[in-house]
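Structure assessment
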Amino acid sequence: MNEQEKIVSDNKDLVLKTEHLCIQFGGLRAVDDVNLEIREGELYGLIGPNGAGKTTVFNLLTGVYKPTSGKILLNGQDITGKAPAEINRLGIARTFQNIRLFNNLTVIENVMVGLSNQIPCNMLQSIFRLPRHKASEKEYYERALELLKVFQLDEYKDYLAANLPYGKQRKLEIARAMATNPTLLLLDEPAAGMNPNETQELMDDITFVRREFGMTILLIEHDMRLVGGICENLTVLNFGTELAKGDTATVLSNPTVVKAYLGD
Amino acid sequence: MNFIAAIINGLSSGGTYAIIALGYTMVYGIAKMLNFAHGDIIMMGGYAMYIALSLAGHPILALVAGIVFCVLLGVAIERYAYKPLRGAAPLAVLITAIGMSYLLQSLAQIIFGSAPKMLVKLQVPGFFMIGSLRVDYSTLITLIVTVVVMTALTVFIKKSKPGRAMVAVSEDRDAALLMGINTNAIIAITFAIGSALAAVAGYLMLMKAPSLSNTLGAMPGIKAFTAAVIGGIGSIPGAMVGGILLGVVESFSYSIPALAPFTEAVEFSILIVVLLVKPSGILGKMRREKV
């Protein structure tokens, strides 16, 4: 058994594993020795006060930043330092804290962009509109529509993304991320700016995505009700380091966590 | 009758400006840079056509040669001059583009000399009359080509995967990247399309006035850039509107004897007026900075 195979077999049911993940910006260690272990089908929470480094962790996982040191393993494969588009192809998709849909595209076109990876089609076919182009466009459209139906967004399919109500935009962002066919879905503060009803709907949606797609999810969140309600395990970050981790109930009752959140 | 003639001529030269402006605006929208060497790609395409004409002698072959050469040149310039600067300060990229412009002009001068080449084989002589109005065939061809190019480009952007990806990249490059879009490939495709359009515009220009020198692309390039800004840089319909508008104004200005000597001043003052009234251009959108 060579080393690569050994790593794979040791982490068989781990969808994501980070080993001593660090990134340094000048003199600031924004993320310092973070070790995540997320199992298949798990809903894992990453919480912490503002500026704790949560979004930076997402940016590391998706390849936007290259770690200063440490390793990222996705399904046992080392993806450290790979380019974002490549990492997306290997199975990590994300949503954004401040929604970043393609506002000049329609709802269905947003999902079709997410599908780009999966249906072969080349430039020349598109320029000369060869029959293959038509077939692949049709396939895009149909698969996107199917996904919109799953998320009950199909009635809005021809709206410009910018014109959707806020809660639906969140939902569309999740649908677009799911279109890239991920094995791990990263949700960055999905409940930010939502009212209690929308938050409830979002929780239902997340539960639905897990059930329907068996999706493994890593979630950044501030809303404790949401975290306590749906996450199984948590890591709490503070100043870039792990303050606590473990199952949700234990972590949330940990005095140091309470202190980091609420102060003395 | 003068009025109609001015409009037809204006639409025709405006169409050429619009085709060039599309190259500026697409590259700006997607790569977020001003490619000031765009006009000189037209000129290089002209020389490719000149060589093809002397070897093969057929205008259509010359057009194909021009397009192929411009696409290769555009993609190579992007790959070797601009891509290494991705993420660098916009000013550095701008200066590089201006340097590239001079490099191409000087290169053409060294290789082909400063005496203009006459590409008479590209000319389309003849005209037809609508009533007492004389329309040159070359004007008609330019109008048709403009309509075809604009329609094809619009359909391509709206109805194809690379087109959608281009819109996505122009709107939010990082988000597109995280949706698995190879943004480098999309930027290369954008340069390829822009350069192909430049070759087409060069052909149309040489068809009307067959004199080719190393500064062929300089003035049309600046005018088309002006057109792109007037229409709203980054906006494809904006480049079309801006180009046509500039062409029509130019043509009217020429037809009024008192204004004719000041035509270029008139054209560029539209830019000032538009920027004063609507700084983002006619069809441009104000960009909100994202935090």
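Quick note: structure is the one above.
Because the structure is a prediction, the values reported are computed rather than measured. In this numbering scheme, every chain counts its residues from 1 along its sequence in written order. Both sets of labels track the order of writing: A upward for chains, 1 upward for ligands. Reporting of local features is limited, given that this is a predicted model, to residues whose pLDDT is at least 70; pairs of side-chain atoms are given and counted only at 80 or more, and all residues count toward the totals for whole chains, interfaces and linings. Excluding hydrogens and water, the side-chain figures rest on all heavy atoms present in the structure.

1. Structural notes on the overall build of chain A
Keep this limit in mind: Only DSSP runs of H or I covering at least 4 residues are called helices, and only runs of E covering at least 2 are called strands; the numbering of each starts at the N terminus. Radius of gyration here uses only the C-alpha atoms, and the compact-globule reference equals 2.2 Å multiplied by the residue count raised to the power 0.38. The contact criterion used throughout is that any non-hydrogen atoms of two residues lie within 4.5 Å. Every accessible area reported is derived by Shrake-Rupley at a probe size of 1.4 Å, with residue values counting cover from the shown protein chains alone. In this tally, Asp and Glu contribute negative charge and Lys and Arg positive charge; neither His nor the terminal groups of the chain are included. Lysine's charge is taken at NZ, arginine's at CZ, aspartate's at CG and glutamate's at CD.
If you tally the helices and strands in chain A, you get 11 helices and 11 strands. Relative to its length of 264 residues, chain A is compact, with a C-alpha radius of gyration of 19 Å against a globular reference of 18 Å. Its C-alpha atoms give chain A principal-axis dimensions of roughly 65 × 50 × 35 Å. Across chain A, every contact between residues at least 6 apart in sequence was considered, and the portion connecting residues at least 24 apart equals 67%. Counting every atom, chain A has about 11800 Å² of accessible surface; 51% of that belongs to carbon and sulfur. When the 28 basic and 34 acidic side-chain charges of chain A are each reduced to a single mean position, those positions are 4 Å apart.

2. A short note on the packing of aromatic side chains
In plain terms, the rule: Put simply, two rings from Phe, Tyr or Trp (the six-membered ring, in Trp's case) pair if the centres are within 6.5 Å, and we call them stacked under 30 degrees between planes, edge-to-face over 60, tilted for the rest. Each residue is placed in one exposure class: buried if its accessible area under a 1.4 Å probe, protein chains only, is under 20% of its type's maximum, exposed if it is over 50%, and partly exposed if it falls in between. Note on criteria: charge over ring means Lys NZ or Arg CZ within 6 Å of the ring centre, with the direction from the centre no more than 35 degrees off the ring normal.
Across all of its chains, the model carries 11 aromatic pairs over all chains by this definition. Note on Y50 of chain B and F112 of chain B: the rings are 6.3 Å apart at their centroids and 85° apart in plane angle, and the pair reads as edge-to-face. Taken as a pair, Y50 of chain B in helix α2 (residues 38-55) and F112 of chain B in helix α4 (residues 90-112) lie far apart in primary sequence, 62 residues in all. Y50 of chain B gets classed as partly exposed once you look at its relative accessible area, which sits at 26%. Above the face of the Y140 of chain A ring, R164 of chain B is positioned so that its terminal group lies 5.3 Å from the ring centre.

3. Describing the interface of chain B and chain A
Where we set the bar: Accessible surface is computed with a 1.4 Å probe, and the buried area is the amount of it that two parts give up when combined, taken over both parts together. Salt-bridge detection follows one rule: a side-chain nitrogen of Lys or Arg within 4 Å of a carboxyl oxygen of Asp or Glu. Any pair of nitrogen or oxygen atoms within 3.5 Å is treated as a polar contact; in protein, a donor-acceptor pairing is required on top of that, and neighbouring residues in sequence qualify only through side-chain atoms on both sides. Polar here means any residue outside two lists: the nonpolar Ala, Val, Leu, Ile, Met, Phe, Trp, Tyr, Cys and Pro, and the charged Asp, Glu, Lys and Arg; Gly therefore counts as polar.
Between chain B and chain A, the contact holds 25 residues from the first and 33 residues from the second. Note on chain B versus chain A: buried area summed over both sides is about 2500 Å², and carbon and sulfur give 62% of it. When residues of chain B are sorted by the area they lose upon contact with chain A, R164, L178 and M179 of chain B head the list and together hold 32% of the total. Scanning the region where chain B abuts chain A turns up 3 salt bridges. A salt bridge links D172 of chain B to R100 of chain A; its shortest N-O distance comes to 2.6 Å. At the junction of chain B and chain A, the tally comes to 10 residue pairs in polar contact (both at pLDDT 80 or more). Among the secondary structure elements, those contributing two or more residues to the side of chain B that touches chain A are α5 (137-159), α6 (161-171), α7 (173-178) and α8 (183-208) of chain B. Considering each element in turn, the side of chain B that touches chain A owes the most residues, 6 residues, to α6 of chain B. Here the side of chain B that touches chain A is composed, by residue class, of 14 nonpolar, 3 polar and 8 charged.

4. Brief notes about the environment of E201 of chain A
Residue and element names in this part refer to chain A. You can see E201 is positioned in helix α8 (residues 196-213). Between the C-alpha atoms of E201 and K171, which are 30 residues apart in sequence, the distance is 9.6 Å. In this structure, E201 is in contact with K168 and K171, ignoring residues within four places of it in sequence.

5. Some remarks on a nonpolar patch on the surface
Residue and element names in this part refer to chain B. The cut-off we apply is this: Only residues whose relative accessible area exceeds 30% and that form no salt bridge enter a patch; like-charged residues are grouped when within 9 Å of one another, and nonpolar side chains (Val, Leu, Ile, Met, Phe, Trp, Tyr) when within 5 Å.
A grouping of Y137, L140, I141, I144 and V148 is seen on the molecular surface, where their side chains present a nonpolar patch of about 400 Å² in accessible area. Relative to the elements of secondary structure, I141 occurs in helix α5. Since its relative accessible area comes to 30%, I141 is described here as partly exposed.

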